[in-house]
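Each chain is listed here by its residues.
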Amino acid sequence: MSYLELKDIHKAYYLGKQAFPVLNGINLTFERGEFVAILGESGGGKSTLMNIIGGLDRQFEGQVLLQGTALDHHQEKQMDQYRRETIGYIYQSYNLINHLSVLDNVLISLDMTKLNRAAREQRAKELLAKVGLTDQIKKYPNQLSGGQKQRVAIARALASDPQIIIADEPTGALDSENTADVLKLLDQIAEEGRLVICVTHSEDVANAGTRIVRLADGQITSDDRIKAAYPVDENRQQIPARKLPWYVPMSTAFKHLRYTWTWNLIIIIGTAIGLFAVMLFNGLGNGLKGYINQEINDMVNPRVVTVSRYQKTSPNQRGGGAQANNQQAAAMGVSSTTTSQPTFSSTQLAQLKKVKHVQTVQPIISASNATLSIGSKDYAASTLTTWTASNRKSIIKAGHTAGKNEIVVDKDTVAKKWSSKNWKDLVGKKVTVSFQTTNASGKSVTVKQQLTVAGITESTTGGAVNAVSYATMKAMRSSKDLSTKPTSVAVKVDSRNHNDAV
Ligand SMILES: Nc1ncnc2c1ncn2[C@@H]1O[C@H](COP(=O)(O)OP(=O)(O)OP(=O)(O)O)[C@@H](O)[C@H]1O
Ligand SMILES: [Mg+2]
């Protein structure tokens, strides 16, 4: 019974449905202590055969027997164990892990043995000494020559103490001196009683082994023993193997992070800046929105809705027509708003009060184009209105709300025009308020009254606020026999959510 046996191996690659046969019935036996060179033309199927022997390829026909037992390429666990315990790989392109030091590259293979930490490190150093790299163990692969890299790969392949070493053109990229070194090492490995299978193009390399197998057109064309195989010590104990523990990939990942530290740091900082910016702008946006809402709510109570009666406009009054009409009315000294705006009756006010969710109902009378005369100067107030709960008290920047025969005037359009610096001094001063309107019989009437400035207001989203109390407005209009019915109403809703419903 041979140590390793290949029985009638067939392999084809498929392109669509078309088959490209590569191996056409390979029968070979191998013993430990042999150093077998597989020679063949490029594309002859050598690597394909090695992948089958190494347990890396499962799409083939035929059998691979290890010590008489056929490997089942469909049994994952069995194949894992075979690859871990029996096979060591050496590639033409080394396949070292660049972010691990030379020592760590060998240790990672030893992580799959049951040796303790100290013993693993000792073995790694011994193996690196064996391949002549004792003084290079702290270097990284990219700091090594090709020959040195291949020697690290050999040390790594031997780490788990495998019985078979598969080397696919291990000297393909090396000069003659390094080739000789590597071949010597492979020979030593066979001498230890392991099976070395080495793929090569070179006759010189092939002659370094104990046997040469030639492959052509997917078949064995010759199989020559050139030296006796090395004797095998059957009593030699193999290092017991284990699965790669869970923490090894983690620590390898961490070493990678450390190896590419600057690069990773830049990524971390960049990501952090990005996240921070998103958070910052999100926060700023929310803050700004909140600030604007608060500013608006500070000036105007969001729970107060101003209600006016529906006013029907005749077609010739719409658009430009209405504007012309207003201008005409103004020219005639007639306040357009007070003349045309329908008023609320006391019954309607009572009805409004009964609407669900309504808390209070405050009547409003407004006058357009009022003039405020202070001393010898006149100031235009586009509207003079009555104070309601829709205005926050916080808009009063000096003084207080208007009581009987008092008025609050706008800061920017009145007080600051009166005195840009000492505008607050306007509080307490006398002001003559006048505006024109029409009485019930359509006659133009001028209302004129001297009031005292009680306070100075800041304009709100609704514009400048010049206001008197409802009682004062009523008294002013009564003195001229004018209607004292409200032209609009401030309705206070019990909760902001009910504004729409009301
Ligand atoms: N994955 C694949 N899919 C399709 N065809 C493949 C595949 N791998 C290899 N082949 C083909 O199989 C044949 C054998 O390839 P293989 O790599 O085994 O050759 P080789 O003897 O190792 O050559 P070389 O000496 O150049 O490494 C080649 O014709 C190749 O094109
Ligand atoms: Mg190949």
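Everything in this summary refers to the structure shown in the same document. (Residues numbered from 1 in each chain as written. Chains lettered and ligands numbered in written order. Predicted model: local features only at pLDDT ≥ 70, side-chain atom pairs only at ≥ 80, totals over all residues. Heavy atoms only, no water.)

With 6 of its 6 residues buried, strand β3 (residues 35–40) lies for the most part within the structure. Alternating positions in β3 separate into two faces, Phe35, Ala37 and Leu39 on one and Val36, Ile38 and Gly40 on the other, with burial throughout. Where β3 meets strand β8 (residues 195–200), 5 bridges bridge the pair, whose relative direction is parallel. Note on β8: the bridge partner recorded for Leu39 is Thr200. (Buried < 20%, exposed > 50% of the residue type's maximum accessible area, 1.4 Å probe, protein only. Helix = DSSP H or I, 4+ residues; strand = E, 2+ residues; numbered from the N terminus. Pairing = 2+ DSSP bridges.)

Lining the immediate surroundings of ligand 1 are Tyr13, Val22, Glu41, Ser42, Gly43, Gly44, Gly45, Lys46, Ser47, Thr48, Glu169 and His201. Taking Gly43, its main chain carries an N or O atom lying 2.8 Å from an oxygen atom of ligand 1. In the model, an oxygen atom of ligand 1 is placed 3.0 Å from a nitrogen or oxygen of the Gly45 main chain. Expressed as a share of its isolated accessible area of 630 Å², the protein-covered part of ligand 1 is 56%. Considering each element in turn, the shell around ligand 1 owes the most residues, 3 residues, to helix α1 (residues 46–53). Split into classes, the residues belonging to the shell around ligand 1 amount to 2 nonpolar, 7 polar and 3 charged. (Near = heavy atom within 4 Å. Polar contact = N/O pair within 3.5 Å; in protein donor to acceptor, adjacent residues only side chain to side chain. Areas by Shrake-Rupley, 256 points an atom, 1.4 Å probe, with all protein chains shown as cover. Nonpolar A, V, L, I, M, F, W, Y, C, P; charged D, E, K, R; others polar.)

The next subject is the nonpolar core. Val106, Leu128, Ile154 and Leu186 are the most contacted members of the largest nonpolar core, which totals 36 residues. At the level of elements, α3 (102–110), α4 (117–130), α5 (146–159), β7 (164–168), α6 (176–191) and β8 are the ones that each hand at least two residues to this core. Looking at this core element by element, the count peaks at 7 residues for α5. The next biggest cluster of nonpolar side chains, apart from the first, holds 30 residues, and it includes Leu4, Ile38, Leu49 and Tyr89. (Core = buried A, V, L, I, M, F, W, Y, C linked by side-chain atoms within 4.5 Å.)

Here we take up the sheet that holds strand β20 (residues 488–493). Pairing is antiparallel across the open sheet formed by 3 strands, whose spatial order is β11-β20-β12. The sheet terminates laterally at β11 (304–308) and β12 (358–364), the two strands that pair on one side only. Geometrically, the sheet is characterised by an average inter-axis angle of 25 degrees between neighbouring strands, direction not taken into account. One ladder, built from 5 bridges, connects β11 with β20; its direction is antiparallel. The residue of β20 that forms the bridge with Val307 is Val489. Where helix α12 (residues 346–354) meets the sheet, its contacts fall on β12 and β20, and the angle it forms with β12 comes to roughly 155 degrees. (Axes fitted to C-alpha atoms, helices over the stretch in contact; angles between N-to-C directions. Contact = heavy atoms within 4.5 Å.)

Scope: geometric values only; no functional claims are made or implied.
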